Amino acid sequence: MANVSIRNVRKRFGTTEVLHGVSVEIEDGEFVILVGPSGCGKSTLLRMIAGLENISDGEIAIGGRVVNNVAPKERDIAMVFQNYALYPHMTVAENIGFALKVHKMPKGEIQRRVGEAATLMGLTEFLGHKPGQLSGGQRQRVAMGRALVREPVAFLMDEPLSNLDARLRVQMRAEISRLQRRLGVATLYVTHDQTEAMTMGDRVAVLRAGAVRQCDAPQQLYDRPADLFVGSFIGSPAMNLYRARLGPEARTLQLGSQTIELPDAVGRARPGLTSHGDSDVVVGFRPEYLRIAGETDGCGFSADVDLVEPLGSELLVHFSLDAVRETSEEIEGGEPPALGAAGFGIAKVPATAAPRPKERLRFVVPPDQIHFFDPESQLAIWE
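A brief report on the enclosed structure follows. (Residues numbered from 1 in each chain as written. Predicted model: local features only at pLDDT ≥ 70, side-chain atom pairs only at ≥ 80, totals over all residues. Heavy atoms only, no water.)

1. Regarding the nonpolar core
- Counting residues in hydrophobic clusters, the biggest one holds 43 residues, and the most contacted among them are Ile96, Ile176, Tyr189 and Val206.
- Once residues within four sequence positions are removed from consideration, Ile96 is found in contact with Val114, Ala117, Leu123, Leu127, Val142, Gly145, Arg146 and Val149. (Core = buried A, V, L, I, M, F, W, Y, C linked by side-chain atoms within 4.5 Å. Buried < 20%, exposed > 50% of the residue type's maximum accessible area, 1.4 Å probe, protein only. Contact = heavy atoms within 4.5 Å.)

See the structure below:
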C-alpha cells in the first residue's frame, strides 16, 4: 500500500495551460474524490497520475517514488474507466485475469486471484459469461474485479458509474465504498456528480478551471465553503445567492427592498463580517435550511411563490423576490434560473407545508446557516 502525492502539477497543451499548479495528497488507505464541472481538468489529472499524459511541470509520487518518467505499467496502479473497457470475446474470468496472464503469472495463482475477486464482487456464477450477456452493473463489477486482482498500491477511477441508471448508481456507490474500505488502498475517484462526491469520499477536492478551490471533508465543504464557487457547486438544489448590502457593524442586511435584522450570533460566528459593514456582499441561503414561517418569526425575507414541485415527502418551492441574483461567471455547475426571474430562489420544505403558486410567504433561516461572500475576491467571509 502507498500514498499518492500530487505536487504543484501543471499541464499545458501547446500554449494553453489546463492545470494550474494542482496539489493534492492522498494518504495510504484514503478515499479522495475529485469533483468539478465538465472541462475543469479532472480526467486529465487522473491520466497524468496513470502515466497516460505527460506532466508539464510539478511532481507526482506514488509510495514516495517520483513517477514523472515512469512507464504506466511500472507505476503499480489500477484504473477503472467509465466505459468498462472489457474484451467482448473473452469470458468474465478471462477479462479479470488478463493482466495477470500478460505478466506471465502462474496459472494456479491467476485462478486463485480471479476466484477471490469474483467472490468479492459477486461474480462467481458469471465467470463463464461474455460481457454481452451481463447487465451494466455486472460489467462494472468485472472492471472492478480486473483492477482488484492486480493488488495495486493505488486505485484510479474515472467516472465509473456514469453509464449506469439511477438505481444501479446508488447500489454501486455503496459497493465501491465498502470495497475500498475493506481493501484500504489509496483511491482517487473522479466524478462530476456531487452526490457521489459527498457520500463516498473521506475528502473531496473541488476543481474549477484547472485549479483546486478547496479540498476538505465533505461536510466541511457543505458547511464552510471557501469561496463563492464551492458554495454554489456543492449542494443540490444549489445555494440561493444574492447581491446584498450589510449595514453598520453588520447589524442589518439589505436584500432588495427588504431589511433583515441580523442577530448578534451572526457576527460572533463570523468576526470578519464587522469589517464589511456598510458594504456590498453576496449572501447565500441553502434551500434545505429555508422554512416557511409567520410574518415576524426569525431571520428571513418575504417572497412570492412561482412554482411548487412535489418530491414525495418534500416540496421544491420556486419563489421570486426583488433582490439581484448573483450571476458571476465564477459560479458553474449550479442549476440555471428555473423561471428566468432575476431574483429567483428555491426552498426545500416538508410536503405538509402545502404552499400555493402566487402566494406570498415569509422564509426564515437559522442565523448560523446564512453564508456571506466578498463580491470582489469571491472568498467566504468567516474569520
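2. Let's talk about the environment of Arg224
- The residue Arg224 is located in the loop between α7 (218-223) and α8 (228-233) in this model.
- Sequence-wise, Arg224 and Glu175 are 49 residues apart; in three dimensions their C-alpha atoms are separated by 29 Å.
- In contact with Arg224, not counting residues within four places along its chain, are Gln214, Trp382 and Glu383. (Helix = DSSP H or I, 4+ residues; strand = E, 2+ residues; numbered from the N terminus.)

3. Some remarks on the sheet that holds strand β6 (residues 77-80)
- Taken in spatial order, the 6 strands line up as β6-β7-β8-β3-β9-β10 in an open sheet, and their pairing is mixed. Two strands lie at the open edges of the sheet, namely β6 and β10 (211-216), each paired on one side alone. Direction aside, the axes of adjacent strands within the sheet are offset by 15° on average.
- Of the pairings in the sheet, the one linking strand β7 (residues 154-158) to strand β8 (residues 186-191) comprises 5 bridges and is parallel in character. Bridged to Phe155 within β8 is Thr187. (Pairing = 2+ DSSP bridges. Axes fitted to C-alpha atoms, helices over the stretch in contact; angles between N-to-C directions.)

4. Quick word on helix α2 (residues 92-102)
- All of the buried residues along α2 are Val92, Asn95, Ile96, Gly97, Ala99 and Leu100.
- Considering only its buried residues, α2 is in contact with α3 (107-121) and α4 (136-148).
- Positive backbone phi, at 55°, marks Lys104, one or two positions downstream of α2.

5. A word on the sheet that holds strand β16 (residues 300-310)
- Spatially, 5 strands are ordered β15-β20-β16-β17-β19 in an open sheet, and the strand pairing comes out antiparallel. Looking at which strands have only one partner, the edges of the open sheet turn out to be β15 (291-293) and β19 (344-350). Strand after strand, the sheet turns through a mean of 55° between neighbouring axes, direction not considered.

6. Details of the packing of α2 against α3
- Axis separation between α2 and α3 bottoms out at 9 Å; the angle between their running directions is 135°. Relative to α3, α2 is oriented oblique. Where α2 crosses over α3, the handedness of that crossing is right-handed. Counting all contacts with α2, which are made through Ala93, Ile96, Gly97, Leu100 and Lys101, the residues of α3 involved are Ile110, Arg113, Val114 and Ala117. (Parallel < 35°, antiparallel > 145°, perpendicular 65-115°, else oblique. Left-handed = near helix turned anticlockwise from the far one by under 90°.)

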